[in-house]
Structures are given as structure tokens and as C-alpha cells.
Amino acid sequence: MQKIFLLFLATLLSTHLTATELSHQWIEEYIATVPDFPKVGIQFKCYPDLLKNPKAFRRVIQTFADRYRGSNLDAIVGLDSRGFIFGTALAYEMNLPFVMVRKAGKLPRRVEKIDYELEYGKASLEMEVDSISPGNRILIIDDLLATGGTAAAAAKLVERLGGEVVEVACLIELEGLHGRKNLKKPFYSLVSIEVDE
Ligand code: AMP
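Residues numbered from 1 in each chain as written. Predicted model: local features only at pLDDT ≥ 70, side-chain atom pairs only at ≥ 80, totals over all residues.

K.L.:
Quick rundown of the site of the ligand? Include the residues and the values.
P.N.:
Taken together, 17 residues form the shell around the ligand, and within it Lys45, Ala146, Thr147, Gly149 and Thr150 come nearest. Those elements that place two or more of their residues in the shell around the ligand are β2 (43-46), β7 (137-145) and α5 (149-160). Among the elements that take part in the shell around the ligand, β7 stands out by supplying four residues, more than any other. Looking at the shell around the ligand residue by residue, the class counts come to seven nonpolar, six polar and four charged. (Near = placed C-beta within 6 Å. Helix = DSSP H or I, 4+ residues; strand = E, 2+ residues; numbered from the N terminus. Nonpolar A, V, L, I, M, F, W, Y, C, P; charged D, E, K, R; others polar.)

K.L.:
Mind laying out the environment of Val195, listing which residues take part and the relevant values?
P.N.:
Positionally, Val195 belongs in the segment after β9 (187-194). Val195 sits in the partly exposed class, given 14 other C-beta atoms within 10 Å. Each C-alpha atom, one on Val195 and one on Leu174, is 6.2 Å from the other, the two residues being 21 residues apart in sequence. The residues contacting Val195, other than those within four sequence positions of it, are Gln43, Leu174, Glu175, Gly176 and Leu177. (Buried ≥ 20, exposed ≤ 12 C-beta atoms within 10 Å, placed from the backbone. Contact = placed C-beta atoms within 7 Å.)

K.L.:
Go over α5, please, and point to the residues and values.
P.N.:
The end-to-end C-alpha distance of α5, which contains 12 residues, comes to 17 Å, matching closely the 16 Å that a straight helix rising 1.5 Å per residue would cover. Residues of α5 that are buried include every one of Thr150, Ala151, Ala152, Ala153, Ala154, Ala155, Leu157 and Val158, and no others. Taken from the residues just after α5, Gly162 is the one with a positive phi, measuring 95°. (Expected span 1.5 Å × (residues − 1).)

K.L.:
Before we move on, could you go through the pairing of strand β3 (residues 75-79) and cite the residues and values that matter?
P.N.:
Burial of β3 is extensive: five of the five residues sit out of reach of the surface. By the alternation rule, side chains of β3 split into Ala75, Val77 and Leu79 and Ile76 and Gly78, which are all buried. Looking at chain direction, β3 and β7 are connected through four bridges and run parallel. Among the inter-strand pairings, Gly78 is bridged to a residue of β7, identified as Ile141. The pairing of β3 with strand β4 (residues 98-103) spans four bridges and is parallel. Bridge pairing in β4 links Leu79 to Val101. Between the parallel elements β3 and β4, the chain passes through helix α4 (residues 83-94) in a crossover that is right-handed. (Pairing = 2+ DSSP bridges. Right-handed = clockwise from strand over helix to strand, strands pointing away.)

K.L.:
How would you summarise the confidence of the model for the protein if you had to cite specific residues and measurements?
P.N.:
The predicted model of the protein averages 91 in pLDDT, with 88% of residues at 70 or higher. Ignoring residues within four places in sequence, the model shows residues 12-21, a span with pLDDT below 50, making zero contacts including any to other chains. (pLDDT = per-residue confidence, 0-100.)

K.L.:
Please give an account of the sheet that holds strand β5 (residues 111-117) that cites residues and values.
P.N.:
Ordered in space as β5-β6-β4-β3-β7-β8-β9, the seven strands form an open sheet in which the pairing is mixed. Among the strands making up the open sheet, the edge pair consists of β5 and β9. The mean inter-strand angle of the sheet, taken between neighbouring strand axes irrespective of direction, is 20°. Across seven bridges, the pairing between β5 and strand β6 (residues 122-128) is antiparallel. By the bridge assignment, Val111 is partnered in β6 with Glu128. (Axes fitted to C-alpha atoms, helices over the stretch in contact; angles between N-to-C directions.)

And the structure:
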């Protein structure tokens, strides 16, 4: 009888753990979709209600922190500009250095620059040359992965400076835009949302 009870308890606990640790579906209720912003055809994802709710925001940062606590990271690199929201909070929580990757022309000191293709047109990202050291283990963080172009360019910048990209992390992945395939780096997101190509 005792054995059956223990087995029941273990099953209950493991189901509970799987449900709480693996499912981040609760975040979806905080994500809004704004059609045709900033241009026609774009389904813009935003999450002001998540940022306005300290409990929910903390839970997001804790989830990232739990994932990366054992990863022996040297720094967190956040992408301009919404990657700074999650990146700085996570760096603070993990007591790690935070480094910015910025759009061209924003960083005043010596930078390494990379040009990359957007869906329509081109863009550039920059990083201060002394912001990381060769051999540093880096987590790149942004709010959202769409085509993966921005994160892939940031990963190349980090590697040019001698860093090792341990993983790229985002709150949201837009599935169907081949972001993961284009990125070619280990990738993790809390929420995955299907969109049409
Ligand atoms: P991509 O380079 O295509 O992966 O685009 C990712 C970058 O653009 C991220 O910094 C996002 O913040 C932003 N972004 C791209 N698509 C969207 C979207 N549908 N909603 C909100 N932000 C987006």
C-alpha cells in the first residue's frame, strides 16, 4: 500500500514539474499582436502588460536564470533595443557583465561593425571592440526571433571579437520564418508563435 502511495506521489510530482518547468504557455496571455505595424503585412508582437507586471516579468527572468545558471557564462550580450530589457535584468540576476550590441552610430568608442541583410534592405550592428575578451562564453539575448538575421549578425560580431556563443535566447520565436535555420546557433525561446511566411 505504502509503495503504491509513493509511486502515486512520484508520478504526481513529476507531472507537476514537467508542467511548470517546460510549459511557458502562460506568457502568451501577455503577448499582443498589432497588425500592419510598422508596415503593412507585419504582425507586430508586443508585451507591455508583461513588463508592467513585476511578478510575471520576474518569472520570465527567473526562468532564463534557471536555464543558464550552470552554463559558466562570462557575459550577456543584449541586442538593441528590446534585448536590453531582458538582458540587463538577467545579467543583474546572474551577477554577470552586460554588453550592448547597438544599431550603427550609437556607440561612441571604437567598434567592430557588421552589415547584414534585412527582409527588405540592409542594416548594421556594432559592438565595442573591448566589450568582451577572447574565449568568453556568451549568451546573446533579444526579445524576439523572426528571420534570425539580427541574431545571426550579432553572433558573428561576438565571434569576431573572439567570443563563443553558448546560446541565443529570446522571449518569443516566430515559427515559420526559418529563424533557427538561419541562425545556426543553439537557440532557446520561452514562447513559439506560428506565423505565415
Ligand atoms: P529578425 O532579424 O528578422 O529575426 O528580427 C528580429 C528583430 O526584429 C528583433 O530585434 C525584434 O525585436 C524585431 N522584430 C522582428 N519582427 C518582429 C515582430 N513581428 N514583432 C516584434 N518585433 C519584431
